[in-house]
Amino acid sequence: CEIQEIPLPPKNMLELPRYDGEFNLEKVISYKTKNLVSHETMEAVIQTLKEALEFMNSQCTVLVHGDFLLQNIMNVGDILYIIDWEFAGIGNIAYDDATLWVTTFKNNAFRKSFLMRCLANSVDSTIFKRLFVLNLLRLYLREIKTCQETNSLPVLKQEVISNSKKELERALCDFDTLVSLSD
């Protein structure tokens with residue numbers, strides 16, 4: 001949450017990638033999920049992102065880590081350090097939080113607690129919730145795509161795909177449905 005308070009450099013000083021509405025939509029359209037996700041679900045995700053394109057672009061205003069995973073958070077004493085900034089860019093207030101949510105699906109207590117803290121610290125909870133869900137739509141499809149393309153352990157691969165499909169459907173409903181059913 002505090003990452004987003006770092007002021008952005010002037011536009012002409014540093015060229016950072018933009019994780020905006022176009023980024024999300026282009027990525028989703030490019031994903032080939034080989035029937036792991038129904039045609040109806042893919043169409044619903046694409047339509048939702050198209051309808052939110054202008055909103056997501058307007059919210060692309062803060063520094064994001066871009067790869068906010070547990071393995072990129074170091075705990076030294078009472079201080080947390082965030083490492084591995086190679087994917088840093090300009091995004092929205094829920095971009096990194098959505099990434100952490102997706103990648104910690106086996107630890108519901110942690111991720112719900114983390115998300116509730118971020119939500120409590122957000123300036124506008126309605127905007128945060130909407131952005132969080134919009135980011136999840138792309139991230140869950142990315143997880144499914146990545147699993148189908150890798151040679152990871154079949155049991156783990158199936159677990160990630162199954163969880164991602166289930167939460168993708170929930171994310172298409174709304175934020176509160178997603179969070180309440182993610183147990």
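Notes on the structure follow.

Thresholds applied
Residues numbered from 1 in each chain as written. Predicted model: local features only at pLDDT ≥ 70, side-chain atom pairs only at ≥ 80, totals over all residues. Heavy atoms only, no water. Patch = residues over 30% accessible without salt bridge, like charges linked within 9 Å, V, L, I, M, F, W, Y side chains within 5 Å. Areas by Shrake-Rupley, 256 points an atom, 1.4 Å probe, with all protein chains shown as cover. Salt bridge = Lys/Arg side-chain N within 4 Å of Asp/Glu carboxyl O. Helix = DSSP H or I, 4+ residues; strand = E, 2+ residues; numbered from the N terminus. Buried < 20%, exposed > 50% of the residue type's maximum accessible area, 1.4 Å probe, protein only. Pairing = 2+ DSSP bridges. Core = buried A, V, L, I, M, F, W, Y, C linked by side-chain atoms within 4.5 Å. Contact = heavy atoms within 4.5 Å. Phe/Tyr/Trp six-rings, centres within 6.5 Å; stacked < 30°, edge-to-face > 60°.

Taken together, Met74, Val76, Ile79, Tyr81 and Ile83 make up a surface patch of nonpolar side chains, about 420 Å² in accessible area. Elements that contribute at least two residues to the nonpolar patch include exactly β2 (73-76) and β3 (79-82). Here isoleucine 79 is to be found in strand β3. The exposure class of isoleucine 79 is partly exposed, given its relative accessible area of 45%.

Okay, the pairing of β2 next. Pairing of β2 with β3, which is carried by four bridges, proceeds in the antiparallel orientation. Looking across to β3, one finds that valine 76 is bridged to isoleucine 79. Where β2 folds back onto β3 in an antiparallel hairpin, the turn is made up of two residues, including glycine 77, whose phi is positive at roughly 65°.

Turning next to the nonpolar core. Membership of the largest hydrophobic core comes to 43 residues, with the highest contact counts inside it found for Leu49, Trp101, Phe132, Leu136 and Leu141. Looking at this core, the elements with two or more residues in it are α1 (21-30), α2 (39-51), α3 (53-58), α4 (95-103), α5 (108-121), α6 (125-149), α7 (154-173) and α8 (175-181). Sort the elements by how many residues they give to this core and α6 lands first, with eleven residues. Residues within four places of leucine 136 in sequence aside, it is in contact with Ala98, Trp101, Val102, Ala171 and Leu178. Core analysis: the second largest hydrophobic core is formed by five residues, Tyr19, Phe23, Val64 and Tyr95 among them.

Another point: the side chain of serine 164. Structurally, the position occupied by serine 164 is in helix α7. If sequence neighbours within four positions are ignored, serine 164 has contacts with Tyr140, Glu143 and Ile144.

Turning our attention to unusual backbone geometry. At aspartate 84, a residue that is not glycine, the phi angle is positive and equals roughly 65°. Along the chain, aspartate 84 turns up in the loop between β3 and β4 (89-91). Note on aspartate 84: relative accessible area 30%, which makes it partly exposed.

So, on to the pattern of salt bridges. Counting across every chain of the model gives six salt bridges. A salt bridge links lysine 106 to glutamate 159, with the shortest nitrogen-to-oxygen separation between them at 3.2 Å. Of the two residues, lysine 106 sits in the loop between α4 and α5 while glutamate 159 sits in helix α7, which places them 53 residues apart along the sequence. The residue glutamate 167 makes a salt bridge to arginine 111 at a minimum N-O spacing of 2.4 Å. You can see glutamate 167 sitting in helix α7 and its partner arginine 111 sitting in helix α5, a full 56 residues away along the chain. On the basis of relative accessible area, arginine 111 is assigned to the buried category, the value being 1%.

This brings us to the packing of aromatic side chains. Evaluated as defined, the whole model comprises seven aromatic pairs. Between tyrosine 19 and tyrosine 95, the ring centres sit 4.8 Å apart and the planes meet at 20°, which makes this aromatic pair stacked. With a gap of 76 residues between them, tyrosine 19 in the segment before α1 and tyrosine 95 in helix α4 connect regions that are remote in the sequence. When sorted by exposure, tyrosine 19 lands in the same class as tyrosine 95, which is buried. Taking 5.6 Å as the distance between ring centres and 75° as the angle between the ring planes, the aromatic pair formed by phenylalanine 132 and phenylalanine 175 counts as edge-to-face. Of this pair, phenylalanine 132 sits in helix α6 while phenylalanine 175 sits in helix α8, placing them 43 residues apart in sequence.

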